[in-house]
Structure formats: C-alpha cells, structure tokens
Amino acid sequence: MRENVAWIFRGGDRIPTSHRDPFLYLEACRVQVDDGRVVYWPSRRGTEKQYAFNIPALNTAVLLLGPGCSISSDAVELLCAANVVVGFTGSGSTPLQGGIDSGEPHFLSGASEYRPTQYMQRWVSLWMDEKRRLAAAQSLLIRRNTELESIWKTRAMQPYLESVSPQNILASLFRFGGSASSASPRGLRGGALRTNGEHLFAQKVRESQDEATLLGLEGARVKKLYQQFQVAHGIAFERDTSERRGVNGKLTMGNYIAYGLAASALYTLGISFAFPLLHGKTRRGGLVFDVADILKDAVVVPMAFALRDEDDAEFRRAVKTVLMDIEGLRRLIEIVVELSECS
C-alpha cells in the first residue's frame, strides 16, 4: 500500500482545495484503506453484514472524526497525501481536540516536503515587521465587515436572515462608535452605508496604534453582532461555550467547522498556524482563529440563531450547503493571500 501513495495522488490529479467539499463529519466508525481507497465502516455490533462507504479523499478538505472513531495509519497516509486536514472532535463535532488540547484547534495535516513555501515566506516577512503586521491586522478586521456584507447578499444566506434586518445590522457595525445619524441603511452595498457608515468603523481601526486596541474593537464588535441578532429574534442570549443546546450549542458547533476550513486554507498555502495577527500570540492555533472569524461572523452567527431549535445533524448539513454555495474555502484562501502581500 505504502509504495503506491506517491503515484496515486499526483499533483496534477488533485482537485484544488478551494473547490472541494468543505468537511465530512463521522461518528462511530473505522476509517481504513480498502483496495487503494479510503473508506469507513460503521461500527455496528451484532449485525450480519457491514458495508464500507467511500471517503472521496481527493474531493474533501476537512475530515472531522467524532466519538467512537478509529483510523489506520494507511488511511492517514492517503488522506495526508491528498491534502486532507484531519481533526478529532467530541460529539457533534465539538470540541476539536486533535488528541492534544481541546482548548485550541489542532489538526493532523500532511508533512510533505513539497508543500509551497512562497506564502509562508511572505507571511513571516510580514509578521516580523511590526508596522506591516499591524496593517495586516487592521485590514483583516475591516475585511470582516465587507465579507459579511458580501456573503449576506448571496441567495444561500437569505433563508437565515428573514427574521432580521441585514441593512440595520450592517449599518450598526459600519458606523461602530458613531452617532445614530452617521449612516442611513439603504441596502447592502448601497449609498450612505458604504460611504459614511463604513468610514467610521474603518477609521477607528486604522487609527489604532496596537493590536490590543484592535482586540478591544473586535470584542465589542462581536458583542454588538450577537446583540443585534438577539433583539431581532426576540430571545434572551448570553454566550456560554459550555452550553450544548440552542444558540450557544449551534455557535460552538459552527465555529469548529469554521476552524477546520481556516486550517485547511492555511495548510493549502503552507502557512503555520503559529503566526497570528490578532488572537493567541502565545497559542499555536492563533492564526486559525483569526481566519475562521470571517466565516463565523457571516455564516455561523446568523445560522445559529435561525436554526437554534433544529437537530444538530440538520444544522451541520445546512452549514455545509451554505459554505459550498458561497465558496467559503476559496474566500479564505484568497483573503489570506491578499493579507500576505499587505504592506
């Protein structure tokens, strides 16, 4: 089996990560290799027959393995050769453990010596320059607003925004810290919302002299986003990561899915998780948090509130469908590439 890996997944045969199925989540199964394919066998004792199901390694970006899963070394070898990022999780895809620490996102990724180097070299050059690193952090925080607006315009997100006013929420975030009359919400990407409103938030971000100030703005912005959805849905809400039901449970589940896609984007570009812009300067997964926040704001938050009473499996299916429709992984890859060129 091992001697075949090199030619089974030749570079030209691979589907680009940005075009792959975002993630696959499994529970209670054995993942192994059968006739050159990665498959999983449901762990059902007492049945006369068992059927193996194929895992399309070449078309999968992230594989999340929940409770009751085991995986063979041959399967790991093939998955890594196909550039699939593997994560080990708790029930329902949370928390992400990676066999190391549930407090940070850890993934099993390939160790190929042929990973790209140019993006990592650019990122390290940027990261070691304080001014450039701050500029990149500012750009990322502003980009979270513009991506929010762009993603909410897509047809895929419309069912999850029916109970809220996207225009009012966007205006609130764009005029962050400004007066109520600073912006007039006249539609997504329209009128004063883009010119006056966004300018106030962007100005606060660009005037920040250090990353601690940016983190303060980021935290206040997230609280405002939660507050807007709480009021729009008419429910009481307080963020509690230990809660596994309702909005909190869906937020945690969706966030870990976003972490998986962020890790896949960074792995595809060959950039280490250990060079964050905002979060976790002393935590190895900091850059995963930074990049994942783009999808957490735009996709996970609206869907967690809208689908708070739905079954967990249905929520994961809905999130997966939206991420495919909006090309979430491609978005993250393009954003990271642009940030690496920040000057």
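Rules behind the numbers
Residues numbered from 1 in each chain as written. Predicted model: local features only at pLDDT ≥ 70, side-chain atom pairs only at ≥ 80, totals over all residues. Heavy atoms only, no water. Helix = DSSP H or I, 4+ residues; strand = E, 2+ residues; numbered from the N terminus. Buried < 20%, exposed > 50% of the residue type's maximum accessible area, 1.4 Å probe, protein only. Contact = heavy atoms within 4.5 Å. Areas by Shrake-Rupley, 256 points an atom, 1.4 Å probe, with all protein chains shown as cover. Salt bridge = Lys/Arg side-chain N within 4 Å of Asp/Glu carboxyl O. Pairing = 2+ DSSP bridges. Axes fitted to C-alpha atoms, helices over the stretch in contact; angles between N-to-C directions. Phe/Tyr/Trp six-rings, centres within 6.5 Å; stacked < 30°, edge-to-face > 60°. Lys NZ or Arg CZ within 6 Å of the ring centre and 35° of its normal. Disulfide = S-S within 2.5 Å. Parallel < 35°, antiparallel > 145°, perpendicular 65-115°, else oblique. Left-handed = near helix turned anticlockwise from the far one by under 90°.

**Student:** How do you make sense of the overall build of the protein when you look at a structure like this?
**Tutor:** When its secondary structure is counted, the protein shows 11 helices and seven strands. When the 343 residues of the protein are sorted by exposure, 53% land in the buried category. If you take every contact in the protein between residues at least 6 apart in sequence, the share linking residues at least 24 apart comes to 70%. A total accessible area of about 15500 Å² is found for the protein, and carbon and sulfur atoms account for 47% of it.

**Student:** Looking at this structure, how should I read the pattern of salt bridges?
**Tutor:** Tallied over the entire structure, the rule returns 15 salt bridges. The partner of Glu-341 in a salt bridge is Arg-122, and the shortest N-O contact between them spans 3.1 Å. With a gap of 219 residues between them, Glu-341 in the segment after helix H11 (328-340) and Arg-122 in helix H3 (residues 118-127) connect regions that are remote in the sequence. Using a relative accessible area of 32% as the deciding quantity, one classes Arg-122 as partly exposed. The salt bridge partner of Arg-331 is Glu-147, with a shortest N-O separation of 2.8 Å. Here Arg-331, found in helix H11, pairs with Glu-147, found in helix H4 (residues 130-152); they are 184 residues apart in sequence, far enough to count as distant. Under the relative-accessibility criterion, Arg-331 is labelled buried at 12%.

**Student:** I would appreciate a short explanation of the sheet that holds strand E4 (residues 53-54) in the present structure.
**Tutor:** Whenever strands of a sheet pair, they do so through backbone hydrogen bonds, lying parallel or antiparallel. What the four strands build is an open sheet, ordered E4-E3-E2-E6; its pairing is mixed. Since the sheet does not close on itself, it has two edges, and those belong to E4 and strand E6 (70-71), each with one partner. Sheet topology note: the strand E3 (residues 37-42)/E4 ladder contains two bridges and is antiparallel. Within the sheet, the bridge partner assigned to Tyr-40 lies in E4 and is Phe-53. Across the sheet, helix H2 (residues 73-81) touches strand E2 (29-34), E3 and E6, and the angle it forms with E2 is around 70 degrees.

**Student:** Before we go on, may I ask you to explain the packing of aromatic side chains in this structure?
**Tutor:** Each aromatic ring pair is specified by the distance between its two centres and by the angle formed by the two planes. Summed over the entire model, instances satisfying the criterion amount to eight aromatic pairs. Seen from their ring centres, Trp-152 and Phe-229 are 5.8 Å apart, and the 80 degrees between their planes marks the pair as edge-to-face. Of the two residues, Trp-152 sits in helix H4 while Phe-229 sits in helix H7 (residues 211-233), which places them 77 residues apart along the sequence. Take Trp-152: its relative accessible area is 0%, and that puts it in the buried class. Given the relative accessible area of 0%, Phe-229 is considered buried. Sitting over the face of the ring of Trp-127, Arg-133 holds its NZ or CZ atom 4.8 Å from the ring centroid. The aromatic ring of Phe-23 is capped on one face by Lys-320, whose charged end is 5.7 Å from the ring centroid.

**Student:** How do you make sense of the state of the cysteines when you look at a structure like this?
**Tutor:** Note on terminology: a disulfide is the covalent bond linking the sulfur atoms of two cysteines. In this structure the tally under the stated criterion is zero disulfides. Here Cys-29 stays unpaired: no disulfide links it, and the sulfur of Cys-69, its closest cysteine neighbor, is 3.6 Å away. In this structure Cys-29 comes out as buried when scored by relative accessible area, which is 2%.

**Student:** Which parts of the structure should I look at to understand the pairing of strand E5 (residues 60-65)?
**Tutor:** Among the six residues in E5, six count as buried, and that is most of the element. Where strand E1 (residues 21-26) and E5 come together, five bridges link them in parallel fashion. The residue bridging Phe-23 from the neighbouring strand is Val-62, located in E5. With four bridges connecting them, E5 and strand E7 (residues 85-88) associate as parallel partners.

**Student:** Is there a simple way to think about the environment of Pro-116 in this case?
**Tutor:** Secondary-structure assignment places Pro-116 in the loop between E7 and H3. What makes Pro-116 partly exposed here is its relative accessible area of 24%. Taking the C-alpha atoms as reference points, Pro-116 and Thr-268, 152 residues apart in sequence, are found 8.0 Å from one another. Sequence-distant contacts of Pro-116, that is, excluding residues within four places in its chain, are made with Thr-268, Leu-269 and Gly-270.

**Student:** What should I look at first to understand the environment of Gln-118 in this one?
**Tutor:** Turning to its location among the elements, Gln-118 is positioned in helix H3. On the basis of relative accessible area, Gln-118 is assigned to the partly exposed category, the value being 37%. Here the alpha-carbon distance between Gln-118 and Ser-340, two residues 222 residues apart in the chain, equals 9.9 Å.

**Student:** I'm lost on the packing of H7 against helix H9 (residues 286-306) in this one. Help?
**Tutor:** Two measures define how a pair of helices packs: the angle their axes make with one another and the distance between the axes. At their nearest, the axes of H7 and H9 sit 10 Å apart, and the two run at 20 degrees to each other. Considered as vectors, H7 and H9 are oriented roughly parallel to each other. In this structure, H7 crosses over H9, and the sense of that crossing is right-handed. Mapping the contact onto sequence places Glu-218, Arg-221, Leu-225, Tyr-226, Phe-229, Gln-230 and His-233 in H7 and Asp-293, Asp-297, Val-301, Pro-302, Phe-305 and Ala-306 in H9.

**Student:** Would you mind showing me how to read the sheet that holds E5 here?
**Tutor:** Taking strand neighbours across the sheet as the criterion, the three strands line up as E1-E5-E7 in an open arrangement whose pairing is parallel. Each end of this open sheet is capped by a strand with a single partner; those strands are E1 and E7. Going across the sheet, the axis of each strand differs from the next one's by a mean of 20 degrees, ignoring polarity.

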